[in-house]
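Here is how the chains run, residue by residue.
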Amino acid sequence: MASDWKTRTKLVHDGIRRSQYGEVSEAIFLTQGFVYDTAEQAAQRFQKIGDDEFIYARYGNPTVRMFEERLAALEGAEDGFATASGMAAVNAALMSMLRAGDHVVSSEALFGSCLYILEDILMRYGVEVTFVDGTDLDAWRAAIRPGTKAVFMETMSNPTLDVIDLRGVSDLAHAVGATVIVDNVFATPIFSRALENGADVVVYSTTKHVDGQGRCLGGIVLGTKDYIRKTLEPYLKHTGGAMSPFTAWVMLKGMDTLDLRVRAQASSAQAIAEALAGHEGLSRVVFPGLPDHPHHAIVTDQMDGPGTILALEIRGGQAAAFRFLNALEIILISNNLGDSKSIVTHPATTTHQRLSDAQKARLGISDGLVRLSVGLEDTGDLIRDILDALKHI
Ligand SMILES: *Cc1c(COP(=O)(O)O)cnc(C)c1O
């Protein structure tokens, strides 16, 4: 609420709406609807809804509103709309503004469900989508044309951690009046400077670092007041992607510690990457915080930190990668990320198994590649767990 507050203050206090009881912790308003004093008041509210007024939880709810305002304040966005999952947010951000005949340019290195929306759903409704290698600015320049309506990208790709030059792509998009929409999960809301670098709309799966403790699915779309209220809200409130008030409360509690957690996880990730660099069992250690990462300069220039995920390529392909996963004692085999518990994933056989061999090869998803989401455990314990497991490959 105070614009000069620093991140940690915003994360604890911003957006709070206290009831008449003066509760310290944010209240859960687990209610679908709201009563009106009079018939006239109901009629008036349906005509024009005020800032602290609600009609129905699919349109908005006080607990959800607290969460939206807190995350918008953190990102520096004018407004936000919270959703039931990250995918509901990605879908609404795109579907609410596009129509048949529009042209979209997208990075091809996308989360599988994002790819489905762009490649299957949008195309089916007559939106033309051109896919490019997101790290190649010349490819974006060649694909973006007068009339292009939007560009879409994951600012840092999953699982190979390529980092897109957001400022460069935004300049090209804005030159033709296209809206820049970014899925910013891997960058995290703590290290993001997406709006400053040209993004118009920022989307998060808050299932990841914002909850950060493996409990609830959630998402949010952030942008200008005009885009959120005039373009996005009509779509979301009528199609039913709203976040539950209980989820919003869990997310608010997650935000109290978000900065502490993400910074601790990122510094652990950095230490792990440095400890593993040059290990004989690994053909690649990919972490955007390492100076030899191909896009290290973009991270330094356009973000406040390197994220909490690393990718390791195990020598010996899938069999060796599986032996590594199975030998880990602390780190869990799962597919979430940004959690307080460290999690390892084998993308080629799980999250990215739908891709063809050619697509996998183009995106660098080899049989030996594993993705490691670094949690809050002791860094030394994690390094020991990884080094011990690597003895089994
Ligand atoms: C997890 C994820 C999503 C989807 O979020 P859900 O909350 O699982 O729906 C979208 N994009 C990226 C980059 C993700 O990591």
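Every value quoted in this text rests on a predicted model; they were computed, and no experiment measured them. (Residues numbered from 1 in each chain as written. Predicted model: local features only at pLDDT ≥ 70, side-chain atom pairs only at ≥ 80, totals over all residues. Heavy atoms only, no water.)

## Overview of the site of the ligand
Every one of the 13 residues lining the ligand counts as a neighbour, but Gly 86, Asp 183, Ser 205, Thr 207 and Lys 208 are closest to it. Within the contact set of the ligand, a nitrogen atom lies 2.6 Å away from a side-chain nitrogen or oxygen of Asp 183. Interatomic distance of 2.6 Å between a side-chain N/O atom of Thr 207 and an oxygen atom of the ligand. Of the residues that constitute the shell around the ligand, the class distribution is five nonpolar, five polar and three charged. (Near = heavy atom within 4 Å. Polar contact = N/O pair within 3.5 Å; in protein donor to acceptor, adjacent residues only side chain to side chain. Nonpolar A, V, L, I, M, F, W, Y, C, P; charged D, E, K, R; others polar.)

## Some thoughts on unusual backbone geometry
At the junction of Asn 158 and Pro 159, the peptide bond is cis and its omega measures out at 5° in the coordinates. You will see that Leu 161, though not glycine, has its phi angle at about 60°, which is positive. Tracing the backbone through its elements, the reader meets Leu 161 in the loop between β4 (150-154) and α7 (166-175). For Leu 161, a relative accessible area of 0% gives the class buried. Within the chain, Thr 188 stands out as a residue other than glycine whose phi angle is a positive 70°. Mapped onto the elements, Thr 188 comes out in helix α8 (residues 188-191). (Helix = DSSP H or I, 4+ residues; strand = E, 2+ residues; numbered from the N terminus. Buried < 20%, exposed > 50% of the residue type's maximum accessible area, 1.4 Å probe, protein only.)

## Let's talk about the sheet that holds strand β1 (residues 79-83)
The strand order across the open sheet formed by seven strands is β1-β7-β6-β5-β4-β2-β3, and the pairing between neighbours is mixed. Of all strands in the sheet, those bounded by a partner on one side alone are β1 and β3 (128-132). Strand-to-strand twist of the sheet, defined as the mean angle between neighbouring strand axes without regard to direction, takes the value 20°. Judged from the three bridges that link them, strand β2 (residues 103-107) and β4 form a sheet pairing that is parallel. Counted as the bridge partner of Ser 106 is Phe 152 from β4. Across the face of the sheet, helix α3 (residues 62-75) comes into contact with β1, β6 (201-205) and β7 (219-223) while running at roughly 130° to β1. Across the sheet, helix α4 (residues 86-95) touches β1, β4, β5 (179-183), β6 and β7, and the angle it forms with β6 is around 160°. (Pairing = 2+ DSSP bridges. Axes fitted to C-alpha atoms, helices over the stretch in contact; angles between N-to-C directions. Contact = heavy atoms within 4.5 Å.)

## Things to note about a nonpolar patch on the surface
A contiguous nonpolar patch, built from Ile 28, Leu 30 and Phe 246 and spanning about 290 Å² of accessible area, is present on the exposed surface. Turning to its location among the elements, Ile 28 is positioned in the loop between α1 (7-13) and α2 (39-47). Given the relative accessible area of 35%, Ile 28 is considered partly exposed. (Patch = residues over 30% accessible without salt bridge, like charges linked within 9 Å, V, L, I, M, F, W, Y side chains within 5 Å. Areas by Shrake-Rupley, 256 points an atom, 1.4 Å probe, with all protein chains shown as cover. Salt bridge = Lys/Arg side-chain N within 4 Å of Asp/Glu carboxyl O.)

## Observations concerning the pattern of salt bridges
Charged atoms that come close allow side chains of opposite charge to pair. Inspection of every chain in the model, using the stated rule, returns 27 salt bridges. Between Asp 259 and Arg 263 there is a salt bridge whose closest N-O contact spans 3.0 Å. Placement of the pair is Asp 259 and Arg 263 together in helix α11 (residues 258-276), with a separation of four residues, close to one helical turn. Since its relative accessible area comes to 4%, Asp 259 is described here as buried. Taking relative accessible area as the criterion, Arg 263 reaches 38% and is therefore assigned partly exposed. Taken together, the salt bridges that share partners define one network made up of Arg 17, Asp 52, Arg 65, Glu 68, Glu 69, Asp 79, Lys 225, Arg 229, Glu 233 and Lys 237.

## Topic: the environment of Ala 266
As for its placement among the helices and strands, Ala 266 is situated in helix α11. Look at Ala 266 and you get buried, because its relative accessible area is 5%. Leave out the neighbours within four places in its chain, and Ala 266 touches Phe 191, Phe 287, Gly 307 and Thr 308.

## Topic: the sheet that holds strand β8 (residues 282-286)
Strands sit in the order β8-β9-β12-β11-β10 across an open sheet of five strands; the sheet is mixed. Looking at the sheet topology across the chains shown, the edges are occupied by β8 and β10 (332-333). Against the sheet, α11 makes contact with β8, β9 (309-314) and β12 (369-373), and its axis sits at roughly 20° relative to β9, the strand it touches most.

## Some words on the pairing of β7
The element β7 is largely enclosed, with a buried count of five among its five residues. Sheet topology places β1 next to β7; five bridges connect them, and they run antiparallel. Within β7, the residue paired with Thr 83 across the bridge is Gly 219. The sheet contact formed by β6 and β7 spans four bridges and is antiparallel. Opposite Tyr 204, over in β7, you have Ile 220 as the bridge partner.

## Description of the nonpolar core
One finds Phe 67, Trp 140, Val 151 and Met 153 to be the most contacted residues of the largest nonpolar core, which totals 59 residues. Sorting elements by how many residues they give to this core places α3 first, with six residues. Two domains each provide a minimum of three residues to this core, namely domain 1 (2-255) and domain 2 (258-390). Setting aside residues up to four positions removed in sequence, Trp 140 forms contacts with Val 105, Ser 106, Ser 107, Val 132, Asp 133, Gly 134, Val 151, Phe 152, Met 153, Ile 164, Val 169 and Leu 172. (Core = buried A, V, L, I, M, F, W, Y, C linked by side-chain atoms within 4.5 Å. Domains from an automatic or database assignment.)

## Looking at the domain arrangement of the chain
Each assigned domain of the chain is listed with its residue range as follows: domain 1 (2-255) and domain 2 (258-390). A separation of 27 Å is found between the C-alpha centroids of domain 1 and domain 2. Each side of the interface is counted separately: domain 1 has 42 residues, and domain 2 has 40 residues. For the pair domain 1 and domain 2, the summed buried surface comes to about 3,500 Å²; carbon and sulfur atoms form 59% of the total. On the domain 1 side of the interface with domain 2, the three residues burying the most area are Pro 159, Phe 191 and His 209, jointly 21% of the side's total. If you look at where domain 1 meets domain 2, you find four salt bridges. Linking Arg 8 and Asp 259 is a salt bridge whose minimum nitrogen-to-oxygen distance equals 2.8 Å. At the boundary of domain 1 and domain 2, one finds 23 residue pairs in polar contact (both at pLDDT 80 or more). Among the elements of the structure, α1, α5 (112-124), α7, α8 and α10 (245-256) are those that each provide at least two residues to the side of domain 1 that touches domain 2. (Buried area = accessible area lost by both parts, 1.4 Å probe.)

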